[in-house]
Amino acid sequence: MPDEPIRPFRWDLVRPDQLGSMLDDVPEVNLDYLDELIACAGKVLARCGDGDLYFVGRSVDSLFDLLSGAFVGTSWQDRLHPLPLSLPGTWADDLTAEELAQLRTNLAAAGLAPADLMRGRPTVFVDLVSQGFTFENLYELLRDWIADEHAQWDVIRRQLRFVGITRRGKTSPNKWRWQQEARWTAELPASSIRNVSLDGTVWSYFGDYQAKTAGSFWHGRWSDPKVGEPRRDKKTRYALAEAALLVERGKSASVRRQLAAVLGQEPSKGERWSRELQLELRG
């Protein structure tokens, strides 16, 4: 495999002193979705099974930013991991050998090598989900890697979690659910696949319209060292302002209490890890 991982540049917004004048003259940021995001974040936490959370791609950046602020000074502050990775469609089998090798190097640097998946806490992947293709491709890529490394699949399969954030709609027994159409999910325990619904307008904003702090990290860029250079264009500066504000809101006592309240309403509320996290967030 390549010696060096390639990773898009990301500002540390928990300690944002490196931003300098980047946010000067940026238009006022509107967080009218904040309550919906807090509720979503609390439910994602409740369904993570006390695991380490990997936020796949860019669509869940705001969720990562909010929780990064909320977890400052808690035992969970190292549980959050951005996973810049674009895996759209069903093309994973068409990757070149060089692209696959670089991807594995990048994933290993993020703590997702097969040997890492066998130990420690569960690994939880979080993403917006429509058809579930990103999760499917990520799963297949990891599954092949595990087989190539002769790692213990019977151990790893109990450690993997996938939390899909879906567009909220009417609830009915006949409602289409992405995981019911995905054959790969049958290889995991039923508890490994969880969903959290999000208001459709907010879901679409995060997935389709929100400005992002970095470009899409698709296979053509996995080996490009230029992705490690910060962007400073107008849209990026606005995205940074929005992300920085979310981190600051996450640090507030009111948001932390709201997250704890959501945790306290979920079925996992009585589990030890959840009780302890609720106490920390209430501070």
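What you see is a predicted model; the values in this text were computed from it and never measured.

**Observations regarding the overall build of the protein chain**
When helices and strands are tallied, the protein chain shows 11 helices and 5 strands. In terms of overall dimensions, the protein chain is globule-like: its C-alpha atoms have a radius of gyration of 19 Å, near the 19 Å expected for 283 residues. Its C-alpha atoms give the protein chain principal-axis dimensions of about 50 × 45 × 35 Å. Here the protein chain, with 283 residues, has 49% of them falling under the buried criterion. In the protein chain, of all internal contacts separated by at least 6 residues, the share reaching a separation of at least 24 is 83%. Here the protein chain displays about 14,000 Å² of accessible surface, and carbon together with sulfur accounts for 46% of that area. Here the protein chain contributes 37 positive and 40 negative side-chain charges, whose respective centroids are spaced 6 Å apart.

**Observations concerning the sheet that holds strand β2 (residues 80-83)**
Taking strand neighbours across the sheet as the criterion, the 5 strands line up as β2-β1-β3-β4-β5 in an open arrangement whose pairing is parallel. Of all strands in the sheet, those with a lone pairing partner are β2 and β5 (193-198), marking the two edges. Neighbour to neighbour, the strand axes of the sheet diverge by 25° on average, direction disregarded. Pairing geometry for strand β1 (residues 52-56) and strand β3 (residues 123-128), over 4 bridges, is parallel. Within β3, the residue paired with Phe 55 across the bridge is Val 126. Across the sheet, helix α1 (residues 34-46) lies against β1, β3, β4 (160-167) and β5, angled at about 170° from β5, the strand it touches most. Contacts from helix α2 (residues 61-70) reach β1, β2, β3 and β4 within the one sheet, and its direction differs from that of β2 by about 155°.

**So, the environment of Lys 226**
Mapped onto the fold, Lys 226 is located in the loop between α8 (200-209) and α9 (234-251). It is 8.2 Å that separates the C-alpha atoms of Lys 226 and Pro 8, two residues lying 218 residues apart in sequence.

**Observations regarding the pattern of salt bridges**
Between side chains of opposite charge, a pair can form when the charged atoms approach closely. Under the definition given, this model contains 12 salt bridges. A salt bridge links Arg 47 to Glu 266; the shortest N-O distance between them is 3.0 Å. Pair noted here: Arg 47 is in the loop between α1 and β1 and Glu 266 is in the loop between α10 (253-263) and α11 (272-282), with a separation of 219 residues, a long-range link. For Arg 47, a relative accessible area of 25% puts it in the partly exposed group. Close ionic contact of Glu 276 with Arg 272 constitutes a salt bridge, the shortest N to O distance being 2.9 Å. Of the two residues, Glu 276 and Arg 272 both sit in helix α11, 4 residues apart, roughly one turn of that helix. When its relative accessible area of 60% is taken as the criterion, Arg 272 is described as exposed. Three or more residues are tied together by salt bridges with common partners; here these are Asp 50, Asp 52, Arg 79 and Arg 121.

**A few points about the nonpolar core**
Core analysis: the biggest nonpolar cluster contains 43 residues, and Leu 53, Leu 63, Val 126 and Ile 165 have the highest contact counts within it. Apart from the residues lying within four places of it in its own chain, the contact partners of Ile 165 are Cys 40, Val 44, Val 60, Leu 63, Val 126, Asp 127, Leu 128, Val 129, Val 196, Leu 198 and Trp 203.

**Some points on the packing of α10 against α11**
Contact geometry of α10 with α11 gives a least axis separation of 8 Å together with a crossing angle of 160°. As far as their axial angle goes, α11 and α10 are roughly antiparallel. The two elements α10 and α11 meet at a crossing, and its hand is left-handed. Contacts between α10 and α11 involve Arg 256, Arg 257, Leu 259, Ala 260, Ala 261 and Leu 263 from the first element and Ser 274, Leu 277, Gln 278, Glu 280, Leu 281 and Arg 282 from the second. Looking at side-chain class alone, the contact of α10 with α11 contains 6 nonpolar, 2 polar and 4 charged residues.

**Some details on the side chain of Thr 213**
Examined against the element boundaries, Thr 213 turns out to sit in the loop between α8 and α9. For Thr 213, a relative accessible area of 12% corresponds to the buried category. Beyond its immediate stretch of four places on either side in the chain, Thr 213 contacts Trp 11, Arg 231, Thr 236, Ala 239 and Leu 240.

What counts as what
- Residues numbered from 1 in each chain as written.
- Predicted model: local features only at pLDDT ≥ 70, side-chain atom pairs only at ≥ 80, totals over all residues.
- Heavy atoms only, no water.
- Helix = DSSP H or I, 4+ residues; strand = E, 2+ residues; numbered from the N terminus.
- Rg over C-alpha atoms; globule rule 2.2 N^0.38 Å.
- Buried < 20%, exposed > 50% of the residue type's maximum accessible area, 1.4 Å probe, protein only.
- Contact = heavy atoms within 4.5 Å.
- Areas by Shrake-Rupley, 256 points an atom, 1.4 Å probe, with all protein chains shown as cover.
- Lys, Arg positive; Asp, Glu negative; His and termini not counted.
- Charge placed at Lys NZ, Arg CZ, Asp CG, Glu CD.
- Pairing = 2+ DSSP bridges.
- Axes fitted to C-alpha atoms, helices over the stretch in contact; angles between N-to-C directions.
- Salt bridge = Lys/Arg side-chain N within 4 Å of Asp/Glu carboxyl O.
- Core = buried A, V, L, I, M, F, W, Y, C linked by side-chain atoms within 4.5 Å.
- Parallel < 35°, antiparallel > 145°, perpendicular 65-115°, else oblique.
- Left-handed = near helix turned anticlockwise from the far one by under 90°.
- Nonpolar A, V, L, I, M, F, W, Y, C, P; charged D, E, K, R; others polar.

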